[in-house]
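Notes for the structure review
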Amino acid sequence: MTVRRIIIASSSFLMIWGLVVLSWGFRDLPIDQRPEWMNWEMVLWPVIVLGIAESGRLVRYVRKGFQVHADRFKLAMHGFPALIIALAPVGTFTNIFGAQSLWALLDFPTAKVMAALWLAFTLWTAWEVDIP
């Protein structure tokens, strides 16, 4: 088994472990009493774990002489909304759009966790490789 496969398998285990820990933390909390560190944990965990899996690929491209750059448009169009949804305090979308609005559903923990995963995926897939 190669080092790359071990790293990918390990990062998969870390992602599962992070989801368990995060869900465990949300389990007994009312939606409006979640501590701020949980928001950051929810965002940073998938970014770090997916980074473990993806950074090796990007480093290999750079070592081979390819140019690697970020797709800023993708980061702005996908990363920024995901970051706002994941880190907005509970009740933000309900206060802005009203309780009967579909946008109020973005205040629920499920939407916040999905937004954190969306952000992590966007951050690590926004890297483009220029082949000379």
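Structure report, in brief.

Basis of the calculations
Residues numbered from 1 in each chain as written. Predicted model: local features only at pLDDT ≥ 70, side-chain atom pairs only at ≥ 80, totals over all residues. Heavy atoms only, no water. Helix = DSSP H or I, 4+ residues; strand = E, 2+ residues; numbered from the N terminus. Buried < 20%, exposed > 50% of the residue type's maximum accessible area, 1.4 Å probe, protein only. Contact = heavy atoms within 4.5 Å. Areas by Shrake-Rupley, 256 points an atom, 1.4 Å probe, with all protein chains shown as cover. Lys, Arg positive; Asp, Glu negative; His and termini not counted. Salt bridge = Lys/Arg side-chain N within 4 Å of Asp/Glu carboxyl O. Polar contact = N/O pair within 3.5 Å; in protein donor to acceptor, adjacent residues only side chain to side chain. Expected span 1.5 Å × (residues − 1). Bend = angle between axes of the 7 residues up to and from the residue. Phe/Tyr/Trp six-rings, centres within 6.5 Å; stacked < 30°, edge-to-face > 60°.

**Considering the overall build of the protein chain**
- Summing up its helical and strand segments, the protein chain has five helices and two strands in all.
- When the helices and strands of the protein chain are read in sequence order from the N terminus, they spell out α-α-β-α-α-α-β.
- Counting only residues that meet the buried cut, the protein chain has 28% of its 132 residues in that class.
- Long-range pairs, those at least 24 residues apart, make up 75% of the contacts in the protein chain between residues at least 6 apart in sequence.
- Carbon and sulfur atoms provide 70% of the accessible area of the protein chain, an area that totals close to 8,800 Å².

**Examining the side chain of aspartate 107**
- Checked against the element boundaries, aspartate 107 lands in the loop between α4 (92-97) and α5 (109-125).
- At 4.5 Å, lysine 112 is the nearest oppositely charged side chain to aspartate 107, a buried residue that forms no salt bridge.
- Polar side-chain contacts of aspartate 107 include one of 3.2 Å to the backbone nitrogen of phenylalanine 93.

**What to know about helix α2 (residues 36-63)**
- Its 28 residues place the ends of α2 39 Å apart at the C-alpha level, agreeing with the 40 Å of an ideal helix rising 1.5 Å per residue.
- Within α2, the axis deviates most sharply at isoleucine 52, by approximately 40 degrees.
- Met38, Asn39, Met42, Val43, Pro46, Val47, Val49, Gly51 and Leu58 are the residues of α2 that are buried.
- Of the residues trailing α2, glycine 65 is marked for its positive phi of about 95 degrees.

**Re helix α3 (residues 72-87)**
- Bending of α3 peaks at approximately 30 degrees at the position of glycine 79, with proline proline 81 no more than four residues after it.
- If you check which residues of α3 are buried, you get Gly79, Ala82, Ile85, Ala86 and Leu87.
- Next to the buried residues of α3 lie α2, α4 and α5.

**Topic: the packing of aromatic side chains**
- In this structure the tally under the stated criterion is two aromatic pairs.
- Residues tyrosine 61 and phenylalanine 66 carry aromatic rings whose centres are separated by 5.9 Å and whose planes lie at 65 degrees to one another, so their mutual orientation is edge-to-face.
- Given a relative accessible area of 28%, tyrosine 61 falls into the partly exposed group.
- Ring centres of phenylalanine 97 and tryptophan 103 lie 6.0 Å apart, and the angle between their planes is 40 degrees; on these two criteria the pair is classed as tilted.
- We classify phenylalanine 97 as partly exposed; its relative accessible area is 43%.

**Quick notes on the environment of glycine 91**
- Topologically, glycine 91 is positioned in the loop between α3 and α4.
- The class of glycine 91 is buried, set by a relative accessible area of 15%.
- On a C-alpha basis, the gap between glycine 91 and aspartate 107 in space is 5.8 Å, while along the polypeptide they are 16 residues apart.

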